[in-house]
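# Structural description and commentary
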Amino acid sequence: MTRQSPPVLARFLLRLWPLGERRSEIEADLFELFATRCERRGVRYATWRYYGDVLSLWRHRGRTRSAESHAGDGGRLLSTAGRDVVYAARLLRRSPGVVAVTIVGLGLAIGVGTSVFSLLNAVAFRGTGVDDPSTAVRVFRGYKNGSSTSWTYADYAQLRDASSRVALEAYLRDAVWIADRPHAESIESVSAWFVTGGYLPTLTKSAALGRFLTPADDVIGAPPAIVVSHRFWVRRLDSDPAVVGRTLWLNGVAFTIVGVSQRQFSGTTDVPPAFWVPISSYHVVYGGRPFDRAARAGVSVVGRIQPGVEAKQAETELGAIAVGIAATLTDSTGELLAGVRFVPAGDARSRSENRTMALVVAIVLVVIGLLLLLACVNVANLLLASAWSRQREIGLQLALGASRGRLVRQLLTESLSLGLVGGAVGLVFTVWLVPILAVIARAPLEFDATPDFRVYLFLTAVSIAAGLGAGLAPARHAIRDEFIAPLKGAGGRADQAARPRRFRSGLIGVQAAASLVLLVLAALLTRGMVRATQVDVGFDADRLLTVSPAFGRDSTYDAAGTKAYWDLALERVRALPGVRGVSLAHYPPFGGAHSVTIRQRANNRYSIYHHPTQAEYFATIGLRVVRGRTYTPQEVAERAKVAVISEALAREYFPQGDPIGQSLQRITKDSGYQIIGVVSDAITARLRELSAANIYKPMEDIEVARMIIRAHGRPESLTPSVRNAIQPIDPRIRLDITSVNEGLQEELAEPRTLATLAGACGHLPRARGRGDLRRDGLCSRPAHAGDQPAPRARSDRPRYRTPAARRQPAPCRRRPGVRGRLCGPGQPAVLRCAVWRRFGGSCRVRYGNLRPARRVGCGRPPPHATRDAR
Amino acid sequence: MKGDRLGEFEEFTLLAVRALGEPTYAVPVQQYVEDSTGRNVSIGAVYAALARLEDKGFVRSTMGEATARRGGKAKRLFQVTALGLRTARDLHRVREKMWEAIAEGRRP
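Here we take up the overall build of chain B. Of the regular secondary structure elements, chain B holds four helices and two strands. For chain B, the N- to C-terminal ordering of α and β elements is α-α-α-β-β-α. Considering chain B as a whole, with its 108 residues, one finds that 44% of them fall into the buried category. Relative to all contacts within chain B whose residues are 6 or more apart in sequence, the contacts with residues 24 or more apart total 52%. With an accessible surface of roughly 6400 Å², chain B has 51% of that area assigned to carbon and sulfur atoms.

Take the overall build of chain A next. Helix and strand counts for chain A stand at 27 helices and 22 strands. Across the 870 residues of chain A, 50% fall into the buried class. Long-range pairs, those at least 24 residues apart, make up 79% of the contacts in chain A between residues at least 6 apart in sequence. Entry remark: accessible area of chain A is about 41800 Å², with carbon and sulfur atoms responsible for 56%.

Here the focus is the pattern of salt bridges. Applying the stated rule across the entire model yields 19 salt bridges over all chains. A:Arg37 is paired through a salt bridge with A:Asp53; the nearest N and O atoms lie 2.8 Å apart. Separated by 16 residues along the polypeptide, A:Arg37 in helix α2 (residues 23-41) and A:Asp53 in helix α3 (residues 43-59) bring together distant segments of the chain. With respect to class, A:Arg37 is no different from A:Asp53; both count as buried. Here A:Asp217 makes a salt bridge to A:Arg211, at a shortest N to O gap of 2.7 Å. One salt-bridge network, in which partners are shared between bridges, spans B:Glu10, B:Arg52 and B:Lys56.

A few words now on α2(A). Residues and elements named next belong to chain A. In this model, α2 (19 residues) spans 26 Å end to end at C-alpha, consistent with the 27 Å of a helix rising 1.5 Å per residue. Where α2 is concerned, the buried positions are Arg23, Glu25, Ile26, Ala28, Asp29, Leu30, Glu32, Leu33, Phe34, Thr36, Arg37 and Cys38. Just past α2, the residue glycine 42 takes up positive phi, approximately 100 degrees.

What follows covers helix α4 (residues 82-104) of chain B. Residue and element names in this part refer to chain B. Taking 1.5 Å per residue as the helical rise, α4 with its 23 residues ought to reach 33 Å, and the 33 Å between its terminal C-alpha atoms agrees with that figure. All of the buried residues in α4 are Gly84, Leu85, Thr87, Ala88 and Ala101. Buried residues belonging to α4 abut α1 (8-19) and β2 (76-80).

This paragraph deals with the pairing of strand β1 (residues 136-142) of chain A. One face of the sheet, then the other: side chains in a regular strand alternate in exactly this way. Residues and elements named next belong to chain A. Taking burial as the measure, the seven residues of β1 include seven buried ones, the bulk of the element. A two-sided burial pattern is seen for β1, the buried positions comprising Ala136, Arg138, Phe140 and Gly142 on one face and Val137, Val139 and Arg141 on the other. One ladder, built from four bridges, connects β1 with strand β11 (residues 298-305); its direction is antiparallel. When the bridges of β11 are listed, valine 137 appears paired with glycine 303.

Each partner contributes residues to the interface: chain B has 24 residues there, and chain A has 21 residues. Around 2000 Å² of area is buried between chain B and chain A when both sides are counted, 48% of it from carbon and sulfur atoms. The salt bridge partner of B:Glu34 is A:Arg49, with a shortest N-O separation of 2.7 Å. Of all the secondary structure elements, the ones that give two or more residues to the side of chain B that touches chain A are α2 (26-37) and α3 (43-56) of chain B. In terms of residue count, the dominant contributor to the side of chain B that touches chain A is α3(B) (eight residues). For the side of chain B that touches chain A, the residue count by class is eleven nonpolar, five polar and eight charged.

This paragraph deals with the nonpolar core. Ranked by size, the top nonpolar core spans 47 residues in total, and within it A:Val176, A:Phe194 and A:Phe275 carry the most contacts. Core analysis: the next-biggest nonpolar cluster, separate from the first, contains 38 residues, A:Leu19, A:Tyr50, B:Ala16 and B:Ala49 among them.

Turning our eyes to something else, we now look at the packing of aromatic side chains. Residues and elements named next belong to chain A. Taken as a whole and assessed by the stated rule, the structure comprises 13 aromatic pairs over all chains. Residues tyrosine 565 and tryptophan 566 carry aromatic rings whose centres are separated by 5.8 Å and whose planes lie at 80 degrees to one another, so their mutual orientation is edge-to-face. Neither residue differs from the other here; tyrosine 565 and tryptophan 566 are each classed as buried. A centroid spacing of 5.2 Å and a plane angle of 75 degrees characterise the contact between phenylalanine 618 and tyrosine 696, whose relative ring orientation is edge-to-face. With phenylalanine 618 in helix α18 (residues 617-621) and tyrosine 696 in strand β20 (residues 694-698), this pair connects stretches of sequence that are 78 residues apart. A cation over a ring is seen here: arginine 41 above tyrosine 45, with NZ or CZ 4.0 Å from the ring centre. Cation over ring: lysine 697 sits above tyrosine 673, and NZ or CZ is 4.9 Å from the ring centre.

Scored by pLDDT, chain B has a mean of 86; 93% of the residues are at 70 or more. Here the predicted complex carries an ipTM of 0.86, next to a pTM of 0.46.

Residue and element names in this part refer to chain A. Burial of strand β19 (residues 674-679) is extensive: five of the six residues sit out of reach of the surface. Two elements, strand β17 (residues 625-628) and β19, share three bridges in a ladder whose sense is antiparallel. What sits directly across from arginine 627, in β19, is valine 678. Examined bridge by bridge, strand β18 (residues 642-646) and β19 share five bridges and lie parallel to one another. When the sheet's bridge partners are listed, serine 646 is paired in β19 with valine 679.

Residue and element names in this part refer to chain B. Among the structural elements, glutamate 10 can be located in helix α1. Owing to a relative accessible area of 4%, glutamate 10 belongs among the buried residues under this scheme. In this structure the side chain of glutamate 10 is engaged in a polar contact, spanning 2.6 Å, whose partner is the side chain of arginine 52. Beyond its immediate stretch of four places on either side in the chain, glutamate 10 contacts Arg5, Arg52, Leu53 and Lys56.

Okay, the environment of A:Ser607 next. By the element assignment, A:Ser607 lies in strand β16 (residues 604-613). Through-space distance from the C-alpha of A:Ser607 to that of A:Ala685 is 9.8 Å; in sequence the pair is 78 residues apart.

On to a nonpolar patch on the surface. The grouping of A:Leu516, A:Leu519, A:Val520 and A:Leu524 at the surface amounts to a nonpolar patch, some 370 Å² of accessible area in total. Secondary-structure assignment places A:Leu519 in helix α16 (residues 498-532).

Moving on: the environment of A:Tyr156. Residue and element names in this part refer to chain A. Secondary-structure assignment places tyrosine 156 in helix α7 (residues 153-162). A C-alpha to C-alpha distance of 8.7 Å links tyrosine 156 and serine 300, two positions 144 residues apart in sequence. Ignoring anything within four residues of it in the chain, the contact list for tyrosine 156 reads Leu168, Glu169, Ala170, Thr196, Val299 and Val301.

Turning next to unusual backbone geometry. Backbone geometry places A:Arg639, a non-glycine residue, at a positive phi of 55 degrees. Tracing the backbone shows A:Arg639 in the loop between α19 (633-637) and β18.

Let us look at the environment of A:Leu664. Residues and elements named next belong to chain A. You can see leucine 664 is positioned in the loop between α20 (647-653) and α21 (665-668). A relative accessible area of 0% places leucine 664 in the buried class. In sequence terms leucine 664 and isoleucine 695 are 31 residues apart; their C-alpha atoms lie 9.1 Å from each other.

With that out of the way, let us pick up the packing of helix α17 (residues 559-574) of chain A against helix α22 (residues 715-726) of chain A. All names here are of chain A. Relative to each other, α17 and α22 sit at 140 degrees, their axes nearing to 9 Å. With respect to their mutual orientation, α17 and α22 come out oblique. Every pair of crossing elements has a handedness; the one defined by α17 and α22 is right-handed. From α17, Tyr565, Ala569, Arg572 and Val573 reach across to α22, where they touch Val722, Ala725 and Ile726. By residue class, the composition of the contact of α17 with α22 is six nonpolar, no polar and one charged.

We now examine the packing of α1(B) against α4(B). Residue and element names in this part refer to chain B. Remark: α1 packs on α4, axes separated minimally by 11 Å, with the N-to-C direction vectors making an angle of 120 degrees. Regarding the angle of α1 to α4, the classification is oblique. Pair α1 / α4 crosses with left-handed handedness. Here α1 contributes Glu11, Leu14, Leu15 and Arg18 to the contact with α4, which in turn contributes Gly84, Leu85, Ala88, Leu91 and Arg95.

Parameters at a glance
Residues numbered from 1 in each chain as written. Chains lettered and ligands numbered in written order. Predicted model: local features only at pLDDT ≥ 70, side-chain atom pairs only at ≥ 80, totals over all residues. Heavy atoms only, no water. Helix = DSSP H or I, 4+ residues; strand = E, 2+ residues; numbered from the N terminus. Buried < 20%, exposed > 50% of the residue type's maximum accessible area, 1.4 Å probe, protein only. Contact = heavy atoms within 4.5 Å. Areas by Shrake-Rupley, 256 points an atom, 1.4 Å probe, with all protein chains shown as cover. Salt bridge = Lys/Arg side-chain N within 4 Å of Asp/Glu carboxyl O. Expected span 1.5 Å × (residues − 1). Pairing = 2+ DSSP bridges. Buried area = accessible area lost by both parts, 1.4 Å probe. Nonpolar A, V, L, I, M, F, W, Y, C, P; charged D, E, K, R; others polar. Core = buried A, V, L, I, M, F, W, Y, C linked by side-chain atoms within 4.5 Å. Phe/Tyr/Trp six-rings, centres within 6.5 Å; stacked < 30°, edge-to-face > 60°. Lys NZ or Arg CZ within 6 Å of the ring centre and 35° of its normal. pLDDT = per-residue confidence, 0-100. Polar contact = N/O pair within 3.5 Å; in protein donor to acceptor, adjacent residues only side chain to side chain. Patch = residues over 30% accessible without salt bridge, like charges linked within 9 Å, V, L, I, M, F, W, Y side chains within 5 Å. Axes fitted to C-alpha atoms, helices over the stretch in contact; angles between N-to-C directions. Parallel < 35°, antiparallel > 145°, perpendicular 65-115°, else oblique. Left-handed = near helix turned anticlockwise from the far one by under 90°.

Here is the structure:
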């Protein structure tokens, strides 16, 4: 029979108990008990009782612990850690200056690191809050060479009814004006998702308040109801606990709030909309025909795979159903469906976007790491100096028999305490810095950077790492033999004083290396930051306005009524001075795109956007005709089957030949359309994808059109006159007039946020590292370049002034204040910008290159725009 | 804190030490109390009770010899003192008197 031994974990715990000189006796007792119980009742019983006995020793520790614990006892860790902390606090109080500098230095580094991480966390790590994401999918239409996100509502309705293994729901996104009273002055435009009744219950289990929308809400004629997102509830409704039952006016129509979503839920996107509205209410908000089974409006589809069904099996079956349906419909683009494609609904980003995000995360984390390394080296230098000044005390402790391990622990406790206090200071910095960084990065309103558990975990880990990292080198140095030397009086070796200098030189070397890496990174990241905000979209977005009227429920705006409205509006706007061009289109630039065909080229997927427009669209936007011609107003009126493609598509699909006269079928299997022209490339849909693959066709449905206006000068100055011209046509219709540049800025928000984070990370240590190097003498000031020593600041002032000189007023040597220094030209742009924003106009400094960057989005202006500028 | 008096568990422990034949150590005491009372008794509670009894002067302890069975480790041996024995007997006597009174239906 094999001899059993007590459980390892319990023995480990036993070693931690402070049992003192009774340890051996107690361990033997416990072992004897274990052996006896094994014999009598079996190993399992003995094991559990062993655990119970070990824990009982802790419960009765007052009676079982000896008065004095001995060296080497595991319990010492627990019993002496408290004493180390007290001792550390006493010692640190002795040198408050060093401690203050250390804590502020560490706190700043930890604060900046955590702030950046908390924004990164909000951008990259937060999920969409979809329950059981493995069975929730977005359903794309699959073709031979790509896929499309868009279904017609009629397609969706048929698919939903025929599908037995996947519960399907549909949604479409749009912007609405909201107000909290019927005719409020202060209204704002927010994003809303129009969803089918089962959308929310399909994706998530419960609401934070009230209830979700149900299929009963998604019936034409049902009382208008909405579910607001948690973010909107907090920001706009002041976290009102009695919000359920309140009324909000969407485009002038009253909707009752029936619930609030959970905080982490954002649906199938990474940024939650303001609210979810039943899709059956779409026509109530915007006019047009209701969403019945024959509606041809584009929607996206999500599904929940039924329990016990394999995703692949469900995909195949749904694909077969979809192919059958598509064959009976004439609405689709004409290309034959090959099936459907499932994409995880919990993943709001595409694979390539995830790759980019991972790269950004890696870069930012590396930079944070370097920043912390720099802070640690700084603090280590300070602690090293402090340890050197305490050499006599440390030597005495060694002489009295303290072990080196004990001393290292004591020194590490000191630095760890510093790290934790620095972490607390860092938390304060974080709270202060996060909103500033969010403003600098122009993060969107829905952006939620409130620290969550990940941020606190990061902060704690970083504080501990910084504390230990800063204390390791001084502790290692403190246990060297020469600390005994001071006790020997003058008998110590003469060269011992040089040793810490060599050691510190090593630290400074590390500092220099880290600073150099950070300088290079800062340069690269700044370049990336500038490039992220200087995307060439292919047209001048600065001078474009869009007008979106909200046709209300009571209006009689059917196709004919809407056409009459737009005809009058176009005529009036064209007559306005300062208007260069006007056109209607389904989607103004960066104002949405529902009709998308996705293609695969090598390993990259790209989107082809379909733009139904009027004939004047090209001149209004500023697209150059490269080949052929654009369609005429006559062709638009006749709904001719002609199309214009962008240069990018022409290059891709007609690399050798001439696309003019060819069928569009070659690109999208869109039978019947003939290509009549090629226009210059422009990114008008989603900036994130940087796809300039566009197909322009004559506009058919005027009900969903929006107006695009090109101004001669600043578009903002044109807004009042446009409003005055259009509003009188029907005073009941609310007009949303926005600049295209605003849409572009929203599209730019995420890359700019990430680039700013990376840039801020790179720049702050750059300033810090440069200061450190100067202080350490490794980097000379530009003014004193060369080998000449820098003159002392006071040396240029004459010590003796002649009586004549005394009568002259002394030269003004006013030094800049703290704000001035922070905003001064020597500081990094991000810091100056932060201080400038923080203190506003009271800060009288030169802003240098901080003027609002108008270059954003301007890109390469088209020839006519350049002419205008002249 | 029960001062110089005996608590229930202390009484069990004291009687176990006495019953096991002196001198004895914590393991047999724990097993004796567990067997006698029919409830699980942790070794920590026994150590604590023995320590309190020692503080009150009811038992005294000495370190025994190291034995091979315990891996060459010594055991702490306990022995009931005269004061401990007297206190236990007094307690027993008081209880007997009270039970007799209950049995006879006498009232104070």
